[in-house]
Amino acid sequence: PKTLKKIYATFSGPIRGLVVQHGGNSEDAKDVFQEGIMVLYRMAHKPDFKLTSSFLSLLFPICRNVWFKSLRKRPYYEEVKADLNVTEPLDKDIETVMTERAIDSMFQQKLNLLGEKCQNILKLFFAGTPMKEIVDQLKLSSISFAKKKKFQCKEELVKMVRRDPIYKELTA
């Protein structure tokens, strides 16, 4: 039980980010994580099983498949299907792709932990919204203030991600 709690505490964040990013909620994420652990457990008990990558690099695609399979069973699957058809360049190996997705998911999760003003500024900035428009939409005092605030928020986001033990494992 102690080991399972540590696994959950360490690895549930990227899985939650994946599920939430693709239309689920925290309860869905818990179910997907639990099912992913069960699949991994069954795999680990096969005689020829050998872990050749990081734990998350194996767990993440398993949970991704579990989540997308469960989405296909939902009536609104056709609406979200376009979002699921993410194509990756063929020259990237699966571990690299999964690591990048896990980090992207982690950034999204950490972004949601920032204050509301930082979240709004960064979401607009990452969406390509011009600074003048960000100032107008968020009723900020000036473009220079918006740029300064964006820089501070982005720095805080990067610090939060770099402090996360999962990020350290993914980039090791």
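Before going into details, it helps to say that this report is about the structure given with it.

### Things to note about the packing of helix α6 (residues 116–126) against helix α8 (residues 143–163)
Right, on to step 1. Running from N to C, α6 and α8 cross one another at 100°; their axes reach a closest spacing of 9 Å. For the element pair α6 / α8, the angle class is roughly perpendicular. The segment α6 lies against α8, with Lys117, Cys118, Ile121, Leu122, Phe125 and Phe126 engaging Lys149, Lys150, Cys153, Lys154 and Leu157.
Right, on to step 2. Across the contact of α6 with α8, the residue classes tally to seven nonpolar, no polar and four charged.

### Brief notes about helix α2 (residues 26–44)
Right, on to step 1. Taking 1.5 Å of rise per residue, 19 residues should cover 27 Å, and α2 covers 26 Å from first to last C-alpha, within 8% of that figure.
Right, on to step 2. Every buried residue of α2 is accounted for by Asp28, Ala29, Val32, Phe33, Gly36, Ile37 and Leu40. Around the axis of α2, the buried residues are gathered within 165° of arc, so they sit on the same side.
Right, on to step 3. Those residues of α2 that are buried are in contact with α1 (2–21) and α3 (55–72).
Right, on to step 4. The residue sitting at the N-terminus of α2 and contributing the capping side-chain oxygen is asparagine 25; that oxygen lies 3.0 Å from the backbone nitrogen of glutamate 27.

### So, the state of the cysteines
Right, on to step 1. For the coordinates displayed, the defined rule picks out one disulfide.
Right, on to step 2. One disulfide bridge connects cysteine 118 with cysteine 153, the sulfur atoms lying 2.0 Å from each other. Since a negative S-S torsion denotes a left-handed disulfide, the cysteine 118-cysteine 153 link at about -70° is left-handed. Placement of the pair is cysteine 118 in helix α6 and cysteine 153 in helix α8, with a sequence separation of 35 residues. An identical accessibility class is assigned to cysteine 118 and cysteine 153; each is buried.

### Let's talk about the packing of aromatic side chains
Right, on to step 1. If you walk through the whole model with that rule in mind, you get two aromatic pairs.
Right, on to step 2. On the basis of an interplanar angle of 85° and a centroid distance of 5.1 Å, the ring pair of tyrosine 8 and phenylalanine 33 is categorised as edge-to-face. Of the two residues, tyrosine 8 is situated in helix α1 and phenylalanine 33 in helix α2; the sequence distance between them amounts to 25 residues.
Right, on to step 3. A ring pair is formed by phenylalanine 11 and phenylalanine 55, whose centres lie 4.8 Å apart and whose planes are at 50°; its orientation type is tilted. Remark: phenylalanine 55 occurs in helix α3 and phenylalanine 11 occurs in helix α1; sequence separation between them is 44 residues.
Right, on to step 4. Since its relative accessible area comes to 22%, phenylalanine 55 is described here as partly exposed.

### Section: the nonpolar core
Right, on to step 1. Among the nonpolar cores identified, the biggest contains 32 residues, and Val32, Leu59 and Leu114 are the most heavily contacted of them.
Right, on to step 2. Looking at this core, the elements with two or more residues in it are α1, α2, α3, α5 (94–111), α6, α8 and α9 (165–170).
Right, on to step 3. When residues of this core are assigned to their parent elements, the largest contribution, ten residues, is made by α3.
Right, on to step 4. Other than its neighbours up to four places away in sequence, leucine 114 contacts Gln119, Leu122, Cys153, Glu156, Leu157 and Met160.
Right, on to step 5. Counting seven residues, the second largest nonpolar core, distinct from the first, contains Ile121, Val135, Leu140 and Ala146.

What counts and how
- Residues numbered from 1 in each chain as written.
- Predicted model: local features only at pLDDT ≥ 70, side-chain atom pairs only at ≥ 80, totals over all residues.
- Heavy atoms only, no water.
- Axes fitted to C-alpha atoms, helices over the stretch in contact; angles between N-to-C directions.
- Helix = DSSP H or I, 4+ residues; strand = E, 2+ residues; numbered from the N terminus.
- Parallel < 35°, antiparallel > 145°, perpendicular 65-115°, else oblique.
- Contact = heavy atoms within 4.5 Å.
- Nonpolar A, V, L, I, M, F, W, Y, C, P; charged D, E, K, R; others polar.
- Expected span 1.5 Å × (residues − 1).
- Buried < 20%, exposed > 50% of the residue type's maximum accessible area, 1.4 Å probe, protein only.
- Arc of directions from axis to C-beta.
- Polar contact = N/O pair within 3.5 Å; in protein donor to acceptor, adjacent residues only side chain to side chain.
- Disulfide = S-S within 2.5 Å.
- Phe/Tyr/Trp six-rings, centres within 6.5 Å; stacked < 30°, edge-to-face > 60°.
- Core = buried A, V, L, I, M, F, W, Y, C linked by side-chain atoms within 4.5 Å.

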